[in-house]
Amino acid sequence: MLRPFGDNVSAMFHALRHWRRARTLQRQPIDDDAWNAVVRSLPLLRGLQPDESAHLRELATLFLAEKRFFGAHGFEVTDRMRLSIAAQACLPILGLGIDWYRGWSSIIVYPDDFLPRHEDVDEAGVVHEDDRIYSGESWELGPVVLSWAEIEAQTGSDEANLVIHELSHKLDLLNGQANGEPPLHRDMDPAAWAADLQAAYDDLCERTDHGEETVVDPYASTDPAEFFAVTSEYFFVAPDLLADSYPAVYRQLARFYRQDPRRRLPATIL
Ligand SMILES: [Zn+2]
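As the structure is a prediction and not an experimental result, all values here were calculated from the model.

The subject of this paragraph is the overall build of the protein. Tallying secondary structure elements over the protein gives 11 helices and 5 strands in all. Burial statistics for the protein: of 270 residues in total, 34% are counted as buried.

Next up, the structure:
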């Protein structure tokens, strides 16, 4: 039976993309020494199983081939910086695939913090950071903007990760608006997602309003989009903290990201 014309075209593009990616993996592999050095420099990659690490390397290879990096203000983005950003950016899509970063292609790297050019989150489709000022920005269909100084300062941080924060905004923006709900998988219940994240968000807002010191950065109480981005950082960088503070949020993120980073933590010595 003939398939509708659109289906044939889309199947053709799919096959073409698949072929191009296979060729990229074959012809532009990441150098062993460079990859090993970047993995050693990033504590959040510790604990990955060999097959996960190999998959992350393939995703990073495709990421480097499909995204273009630009240095702002004459900043030179080196191969090491590109690889470090790619490795961190691909951790959230380890269980999802490179297609989850579709629809945009540029990464602008500032040497230091920068001034945001837009302030409207919803209307302009831009998510920018108010509080952690100017260290990152994500535009719907547009570039991801990062501060290299901030990325370096956070290396080894057990709470924050700017790259994961901004890339999780990209996942959130996939279904149109940054609202803290990325496209959920078919086996997930959107009502349960909304209820679990809302309850934790309300709890954090209440504690923050009362001036309580919170485990999760109060920046997450800015709005639901920031709550998703900040809890995504914790999910990968400090999964035990998130699982202890907001276990239902941890479970939802584990279903969404199709990963359980707590498994990667070193076993506790009793
Ligand atoms: Zn943000």
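There's more to say after this.
In this section: the environment of Thr-24. Mapped onto the secondary structure, Thr-24 falls in helix 1 (residues 5-27). For Thr-24, a count of 16 C-beta atoms within 10 Å gives the class partly exposed. The spacing of Thr-24 and Ala-65 is 41 residues in sequence and 7.3 Å in space, taken between C-alpha atoms. Those residues in contact with Thr-24 that sit more than four places away from it in its chain are Thr-61, Leu-62 and Ala-65.

Bringing the packing of helix 2 (residues 32-41) against helix 4 (residues 79-90) into the picture now. Direction vectors running N to C along helix 2 and helix 4 enclose 60°, while the axes themselves pass 10 Å from each other. Relative to helix 4, the element helix 2 lies oblique. Where helix 2 crosses over helix 4, the handedness of that crossing is right-handed. Residues Ala-34, Val-38 and Ser-41 of helix 2 form the contact with helix 4, whose participating residues are Asp-79, Leu-83, Ser-84 and Ala-87.

Right, let's talk about helix 3 (residues 50-66) for a bit. Compared with the 24 Å implied by 1.5 Å per residue over 17 residues, the 24 Å span of helix 3 between its first and last C-alpha is a close match. Along helix 3, the residues classified as buried are Leu-56, Leu-59, Ala-60, Thr-61, Leu-62, Phe-63 and Leu-64.

Mean pLDDT for the protein: 88, with 88% of residues reaching 70 or above. Across the protein, element-level confidence peaks in helix 11 (residues 247-257) with a mean pLDDT of 98 and bottoms out in helix 5 (residues 121-124) with 53.

Here we take up the environment of Phe-235. Within the secondary structure, Phe-235 is located in helix 9 (residues 224-237). We classify Phe-235 as buried; it has 28 C-beta atoms within 10 Å. C-alpha of Phe-235 to C-alpha of Leu-253: the two residues are 18 residues apart in sequence and 7.4 Å apart in space. Discounting chain neighbours no more than four positions away, the residues touching Phe-235 are Leu-242, Tyr-250, Leu-253, Tyr-257 and Pro-261.

The next point concerns unusual backbone geometry. When glycine is set aside, most residues are seen to have a negative phi, and most peptide bonds are trans. If you check the backbone angles, His-73 has positive phi at about 55° while not being a glycine. Checked against the element boundaries, His-73 lands in the loop between strand 1 (68-71) and helix 4. One non-glycine residue, Arg-258, lies in positive phi territory at about 55°. Looking at the element boundaries, Arg-258 is found in the segment after helix 11.

As paired elements, strand 1 and strand 2 (residues 106-110) share 4 bridges and run parallel to each other. Directly across from Arg-68, in strand 2, lies its bridge partner Ser-106. You can see the chain leave strand 1, run along helix 4 and come back into strand 2, and the turn it takes is left-handed.

A separate point is the environment of Gln-259. As for its position among the elements, Gln-259 is in the segment after helix 11. For Gln-259 and Leu-91, which are 168 residues apart along the polypeptide, the C-alpha to C-alpha distance reads 9.7 Å. Dropping the residues within four chain positions of it, Gln-259 is found in contact with Leu-94, Gly-95 and Ala-254.

With that out of the way, let us pick up the pairing of strand 2. Strand direction decides the pairing type here: strand 2 and strand 5 (residues 144-147), joined by 4 bridges, are parallel. Paired with Ile-107 across the strands is Val-144, a residue of strand 5.

A separate point is the nonpolar core. Judged by nonpolar contacts, the single largest core of 57 residues is most densely connected at Ala-60, Phe-63, Ala-86, Cys-90, Leu-146 and Leu-242. Of all the elements, helix 9 adds the most residues to this core, at 9 residues. Those residues in contact with Leu-146, other than ones at most four positions away along the chain, are Ile-85, Ile-107, Val-109, Gly-136, Ile-151, Leu-162, Val-163 and Glu-166.

About the criteria used
Residues numbered from 1 in each chain as written. Predicted model: local features only at pLDDT ≥ 70, side-chain atom pairs only at ≥ 80, totals over all residues. Helix = DSSP H or I, 4+ residues; strand = E, 2+ residues; numbered from the N terminus. Buried ≥ 20, exposed ≤ 12 C-beta atoms within 10 Å, placed from the backbone. Contact = placed C-beta atoms within 7 Å. Axes fitted to C-alpha atoms, helices over the stretch in contact; angles between N-to-C directions. Parallel < 35°, antiparallel > 145°, perpendicular 65-115°, else oblique. Left-handed = near helix turned anticlockwise from the far one by under 90°. Expected span 1.5 Å × (residues − 1). pLDDT = per-residue confidence, 0-100. Pairing = 2+ DSSP bridges. Right-handed = clockwise from strand over helix to strand, strands pointing away. Core = buried A, V, L, I, M, F, W, Y, C linked by C-beta atoms within 7 Å.

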